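Topology and contacts: notes
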Amino acid sequence: MANTAVANLHPRLTPAELAQQHGLKVANDRPPLREYTRQVWAYRHFITAYSRAKVTSSLSNTRLGQLWQVLTPITNAAVYYLIFGVILSQDRDIDNFIAYLCTGVFVFMFTQTAVANGTSAINANLGLIRALHFPRAVLPITVTLVQLQQLLMSMVVLAAIVLFTGEPITLRWLLLAPILFLQTIFNIGLTMVMARFGSKVADLKQIMPFVLRTWLYASGVLYPVSLLRDHLPGWAATLLEANPALIYIELARYALLESNRENLVATPMQLWGTAIAWTLVVGIGGFVYFWRGEKEYGRG
Amino acid sequence: MAEQTQTSTNTSAADSQRVPTVIADDVHVIYRIHKGAVANTGATAALKRIVSRTSTPNVREVHAIKGVSFTAHQGEAIGLIGSNGSGKSSLLRTIAGLLPPARGAVYTLGQPSLLGVNAALLNDLSGERNVALGCLAMGMSPEQVKRITPEIIEFSGINERGDFASLPMRTYSSGMGARLRFAIAAAKEHDVLLIDEALATGDRKFRIRSEQRVRELRASAGTVFLVSHSLDSIRDTCERTIWLEGGVLKMDGPTDEVCRAYEGR
């Protein structure tokens, strides 16, 4: 059969030269950053559909179903209130401790769960990665958006708690939208970093609970951060106050709690400045870092 | 080693005009398996390894493809044969750009698509939503998805025994699940089409329908790769065949010759 092609049809050209001559591209080549960003944007419908599907399917076997989206944050807040509010009575220095605590818990949970799940974003989806072609950044983004939906539910619960404990509704509540937007971008960036790390070192998943718990204690969630700060040397205190989780939590408290206005770790302007800086650095940095590893995902 | 059909000089001049669509250049694929808890990993053994700094027994490498090179051209249908574990599916995934090669490179014209039955779907969601999700994952727009969903459900035939499309996929029989997955994957047109045993799923009626669909897809695709253990379906569809054995390209040539050699091994 004369038309049967064999490997050495083009004796003068190396395979790479032949590929170039006919405009062939390396199969799993990493697209340039701008093109990659465009691809991720083109997959936005998949991202929203997939994250919504994940939320539905994660609760589809339970009897109470979607109700757990509200019950989980309430239970969480109740446990922490029991320990820190009732038993240890941390509430002496804080006027509205229960609202203070819930704001901290819900905002921190958003970052915590996104990061914890993001660590296995690649490894948990190897089947999908080896079956379909899409920009892999879709996976960590989905992880964050699933948690964002959970957070929005928590925010409804939080609004009820805050009102119930006697805080007034103010125009500042509207600030919650930009705050959560900044935190979402920050989380996406961080999830991407963790997803790339986690795809290389599967052991990370075992270590993350401890890292995240340490972060929880350092973020002024359960008690004012001053409690820690006063025991630390100067450099560590500075580090503690730059903690991004603390910044987002304090901003959320600034927006919601009239009673806590005097207890913020920094002035609102400083908080906004630090929050925007963290968002830009981690959001953009995380995306670029994840993109640089695009070729590697899916290798056994 | 690789046994290749020699072409005379005049045909090779004519062939050089043909457009290559897939070029594999010395491709190696290595799977790294963390044995972790599998072998000899009592806590003491692990501790001993950490202390003595020998980390090697923990990771095992499986060299699935060992330096495969070939060039495929526009309009060709190429069969891939070989015994189980010879690297056929790994090679297909590497061509599709889904499995990065450890060494070497694969060059392709356009974006190859793998038509498999293993596209991950969410078992807790209804068949309908899985269709929408699968189509979005293949890069379709929401409008296209809306238009094409009834066709896919219809093609898969899962509604033949009542309204299964609105039930979660975990309630499906394995044949129904496979049929739905194939129907989703086959809904799109492809430049380079890679088919991995996809024709083996479903009952006879569905097989006839899916073979028809693959022929249509072939007509619009530039190049088709077909992995199959059925030499008959390879003879039917492919004029060229590549024989892989143990990750090495054993033979590459006209289907008749390669199949005869494969059967006579």
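What counts, and at which threshold
Residues numbered from 1 in each chain as written. Chains lettered and ligands numbered in written order. Predicted model: local features only at pLDDT ≥ 70, side-chain atom pairs only at ≥ 80, totals over all residues. Heavy atoms only, no water. Helix = DSSP H or I, 4+ residues; strand = E, 2+ residues; numbered from the N terminus. Expected span 1.5 Å × (residues − 1). Buried < 20%, exposed > 50% of the residue type's maximum accessible area, 1.4 Å probe, protein only. Contact = heavy atoms within 4.5 Å. Axes fitted to C-alpha atoms, helices over the stretch in contact; angles between N-to-C directions. Left-handed = near helix turned anticlockwise from the far one by under 90°. Nonpolar A, V, L, I, M, F, W, Y, C, P; charged D, E, K, R; others polar. Phe/Tyr/Trp six-rings, centres within 6.5 Å; stacked < 30°, edge-to-face > 60°. Lys NZ or Arg CZ within 6 Å of the ring centre and 35° of its normal. Pairing = 2+ DSSP bridges. Patch = residues over 30% accessible without salt bridge, like charges linked within 9 Å, V, L, I, M, F, W, Y side chains within 5 Å. Areas by Shrake-Rupley, 256 points an atom, 1.4 Å probe, with all protein chains shown as cover. Salt bridge = Lys/Arg side-chain N within 4 Å of Asp/Glu carboxyl O. Disulfide = S-S within 2.5 Å. Parallel < 35°, antiparallel > 145°, perpendicular 65-115°, else oblique. Core = buried A, V, L, I, M, F, W, Y, C linked by side-chain atoms within 4.5 Å. Domains from an automatic or database assignment. Polar contact = N/O pair within 3.5 Å; in protein donor to acceptor, adjacent residues only side chain to side chain.

Once that is clear, we can look at helix α6 (residues 174-185) of chain B. Residue and element names in this part refer to chain B. Over its twelve residues, α6 extends 17 Å from the first C-alpha to the last, a length consistent with the 16 Å expected when each residue adds 1.5 Å. Taking burial as the measure, the twelve residues of α6 include nine buried ones, the bulk of the element. Residues of α6 that are buried: M176, G177, A178, R179, L180, F182, A183, I184 and A185. Buried residues along α6 sit in contact with β6 (112-115), α4 (127-137), α5 (142-156) and α7 (204-220).

A word on the packing of helix α8 (residues 176-200) of chain A against helix α9 (residues 204-217) of chain A. In a packed pair of helices, the relevant descriptors are the angle between the two axes and the axis-to-axis distance. All names here are of chain A. Two elements in contact, α8 and α9, have axes whose closest approach is 11 Å; the angle formed by their N-to-C orientations is 145°. Two packed elements cross with a definite hand, and for α8 against α9 that hand is right-handed. The residues of α9 that touch α8, namely those facing F186, L190, M194, F197 and G198, are L204, M208 and W215. Each residue belonging to the contact of α8 with α9 can be placed in one class, and the counts come to seven nonpolar, one polar and no charged.

Attention now goes to the packing of aromatic side chains. Within this structure, the stated rule accounts for 15 aromatic pairs over all chains. Arranged with centres 5.9 Å apart and planes meeting at 50°, the rings of A:F197 and A:Y289 form a pair that is tilted. Taken together, the residues A:F197 in helix α8 and A:Y289 in helix α13 (residues 268-292) connect sequence positions 92 residues apart. Residue classification places A:Y289 among the partly exposed positions, given a relative accessible area of 29%. Centre to centre, the rings of B:F164 and B:Y172 are 6.0 Å apart; their planes meet at 85°, and the pair counts as edge-to-face. By relative accessible area, B:Y172 is classed as buried at 9%. Three or more aromatic residues link up through ring pairs in this structure, and these residues are A:Y43, A:F46, A:Y50 and A:F134. We note A:R30 situated over the ring of A:W291; from NZ or CZ to the ring centre the distance is 4.4 Å. Its end group placed over the ring of A:F134, A:R136 keeps NZ or CZ at 4.7 Å from the ring centre.

Residues and elements named next belong to chain B. Buried residues dominate strand β4 (residues 77-81), accounting for five of its five residues. What you see with β4 is no split at all: A77, G79 and I81 on one side and I78 and L80 on the other are buried throughout. Pairing analysis gives four bridges linking β4 to strand β8 (residues 223-227), with the strands arranged parallel. When the bridges of β8 are listed, I78 appears paired with F225. Bridging between β4 and strand β9 (residues 240-245) involves four bridges; their strand directions are parallel. By the bridge assignment for β9, I81 is matched with W243.

A few words now on a nonpolar patch on the surface. Residues and elements named next belong to chain A. A contiguous nonpolar patch, built from V79, Y81, L82, I83, V86, I87 and L88 and spanning about 600 Å² of accessible area, is present on the exposed surface. Positionally, Y81 belongs in helix α4 (residues 68-87). Residue Y81 is classed as partly exposed on the basis of its relative accessible area, which comes to 30%.

With that settled, the discussion passes to the sheet that holds strand β1 (residues 25-26) of chain A. Read across the sheet, four strands follow the order β1(A)-β5(B)-β2(B)-β3(B) without closing on themselves; strand pairing throughout is antiparallel. On the outer flanks of this sheet lie β1 of chain A together with β3 (59-73) of chain B, each paired with one strand and no other. The sheet contacts of helix α3 (residues 88-95) of chain B involve β2 (20-34), β3 and β5 (103-108) of chain B, and relative to β3(B) the element is tilted by about 65°.

Residue and element names in this part refer to chain B. Following the criterion strictly, the structure yields zero disulfides over all chains and no others. Left unpaired, C259 is separated from the closest cysteine sulfur, that of C238, by 8.7 Å. A relative accessible area of 0% means that C259 is categorised as buried.

Moving on, we come to the packing of helix α11 (residues 234-242) of chain A against helix α12 (residues 244-256) of chain A. Residues and elements named next belong to chain A. Relative orientation of the contacting elements α11 and α12 amounts to 55°, with a least axis distance of 5 Å. In this view, α11 runs oblique relative to α12, as classed from their interaxial angle. Here α11 contributes L240, E241 and A242 to the contact with α12, which in turn contributes P244, L246 and I247. Among the residues forming the contact of α11 with α12, the class breakdown is five nonpolar, no polar and one charged.

Attention shifts here to the nonpolar core. Among the nonpolar cores identified, the biggest contains 71 residues, and A:F46, A:F290, B:L115, B:L133 and B:I152 are the most heavily contacted of them. The greatest single-element share of this core, amounting to six residues, is contributed by α6(B). The residue makeup of this core includes at least three contributed by each of domain 1 (3-111 + 191-263) and domain 2 (120-188) of chain B. Formed by 53 residues, the second largest nonpolar core is a distinct cluster that contains A:M155, A:I161, A:L204 and A:A245.

On to the pattern of salt bridges. Applying the stated criterion across every chain yields a total of ten salt bridges over all chains. A salt bridge links A:E258 to A:R172; the shortest N-O distance between them is 3.9 Å. Linking A:E258 in the loop between α12 and α13 with A:R172 in the loop between α7 (138-164) and α8, this pair joins segments that are 86 residues apart in sequence. A residue is classified by how much of its surface remains accessible, and A:R172, at 28% relative accessible area, is partly exposed. Between B:D252 and B:R240 there is a salt bridge, and its shortest N-O distance comes to 2.8 Å. Residue B:D252 is located in strand β10 (residues 248-254), and its partner B:R240 is located in strand β9; the two are separated by twelve residues in the primary sequence. Neither residue differs from the other here; B:D252 and B:R240 are each classed as buried. Beyond isolated ion pairs, a larger network of salt bridges with shared partners links B:E76, B:R240 and B:D252.

Once that is clear, we can look at the side chain of A:T144. Residue and element names in this part refer to chain A. By secondary structure assignment, the location of T144 is in helix α7. The exposure class of T144 is buried, given its relative accessible area of 0%. There is a polar contact of 3.1 Å between the side chain of T144 and the side chain of T191.

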